[in-house]
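# Report on the structure
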Amino acid sequence: MLVGWTAVTDRLAWPAIVLFAMIVIWTPSHFWALAVRYRDDYKAANVPMLPVVVPFERVAREIILYSLALVATSFVFGVVDHTGGSIGLRPLLLRPLPGRRTALASSEKGSQRSAMRLFGYSITYITVVFVAMAVDVIVRYR
């Protein structure tokens, strides 16, 4: 992403760095949510994903913290790209973060369902953020 931005604009700028940070922050929580669902498979394959090596309560806390950091970073992009934070606001309007009441579900089935809802929300969130960015650029330079 950073190389592409620099190749097109001939310079490295804050919006590119923030976009890169968004993907870096988004990735762990997105895949940890999926790993909660397939925890037994990762354990059987001896792959030390976070849900395999720590209690679920810690995994849920980490996912929530990374998710909050992603939303905050979305707003930072609005500031550095002068979109007024609208990039971060649009995805928030999708619906409330799913599973927040069940994020610390004690049953394994409840945890897996919550994790898969969060996985779905996560991919939708990042997609809507990037589509909103594209729409803003099209509207701004039309």
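That block above? That's the structure.
Below, the structure is looked at part by part. (Residues numbered from 1 in each chain as written. Predicted model: local features only at pLDDT ≥ 70, side-chain atom pairs only at ≥ 80, totals over all residues. Heavy atoms only, no water.)

## A word on a nonpolar patch on the surface
The test is simple: Patch criteria: residues need more than 30% relative accessible area and no salt bridge. Like-charged residues are merged within 9 Å; nonpolar side chains of Val, Leu, Ile, Met, Phe, Trp and Tyr are merged within 5 Å. Shrake-Rupley sampling with a 1.4 Å probe provides the accessible areas, and residues are treated as covered by the protein chains on show and by no other component. For this analysis, a salt bridge means a side-chain nitrogen from Lys or Arg found within 4 Å of a carboxyl oxygen belonging to Asp or Glu. The numbering of helices and of strands both runs from the N terminus, where a helix is a DSSP run of H or I of at least 4 residues and a strand a run of E of at least 2. Remark: exposure states derive from per-residue accessible area (1.4 Å probe, protein chains only) relative to the maximum for the residue type, with buried under 20%, exposed over 50%, and partly exposed in between.
Residues M1, F20 and V24 make up a contiguous nonpolar surface patch of about 270 Å² in total accessible area. You can see F20 is positioned in helix α2 (residues 14–37). Residue F20 is classed as partly exposed on the basis of its relative accessible area of 41%.

## Description of the pattern of salt bridges
In the structure shown here, the tally under the stated rule is 2 salt bridges. For E62, the salt bridge goes to R58, with nearest N and O atoms at 3.5 Å. Of this pair, E62 and R58 both sit in helix α5 (residues 56–80), separated by 4 residues, roughly a single helical turn.

## Overview of the packing of aromatic side chains
Heads up, the condition is: Ring geometry is summarised as follows: Phe, Tyr and Trp rings, the Trp one being its six-membered ring, pair when their centres sit within 6.5 Å, and such pairs are stacked at plane angles under 30 degrees, edge-to-face over 60 and tilted between the two.
Applying the stated rule across the entire model yields 3 aromatic pairs. The interplanar angle of 90 degrees and the centroid separation of 5.2 Å between the aromatic rings of W32 and Y66 together place this pair among those described as edge-to-face. Pair noted here: W32 is in helix α2 and Y66 is in helix α5, with a separation of 34 residues, a long-range link. Classification of W32 by relative accessible area gives buried; the value is 16%. For Y66, a relative accessible area of 29% puts it in the partly exposed group. Aromatic side chains Y121 and Y125 sit 6.3 Å apart centroid to centroid with 35 degrees between the ring planes, which places their arrangement in the tilted category. Residue Y121 and its partner Y125 are located together in helix α7 (residues 108–140), separated by 4 residues, close to a single helical turn. Take Y121 and Y125: they sit in the same class, and that class is buried.

## Let's talk about the environment of W32
The cut-off we apply is this: When checking whether two residues touch, look at their non-hydrogen atoms; a contact exists if any pair is within 4.5 Å.
With 86 residues separating them along the chain, W32 and L118 place their C-alpha atoms 9.9 Å apart. With near-sequence residues (within four places) excluded, W32 lies in contact with M49, L50, P51, E62, I63 and Y66.

## A word on the side chain of S122
Just so we agree on the cut-off: Pairs of N or O atoms within 3.5 Å make up the polar contacts considered here, provided that, within protein, one atom can donate a hydrogen while the other can accept it, and that residues adjacent in sequence are counted only when both atoms are side-chain atoms.
Here S122 shows up in helix α7. Separated by 2.6 Å, the side chains of S122 and W26 make a polar contact. Look past the residues within four positions of S122 in its chain and what remains in contact with it is W26 and H30.

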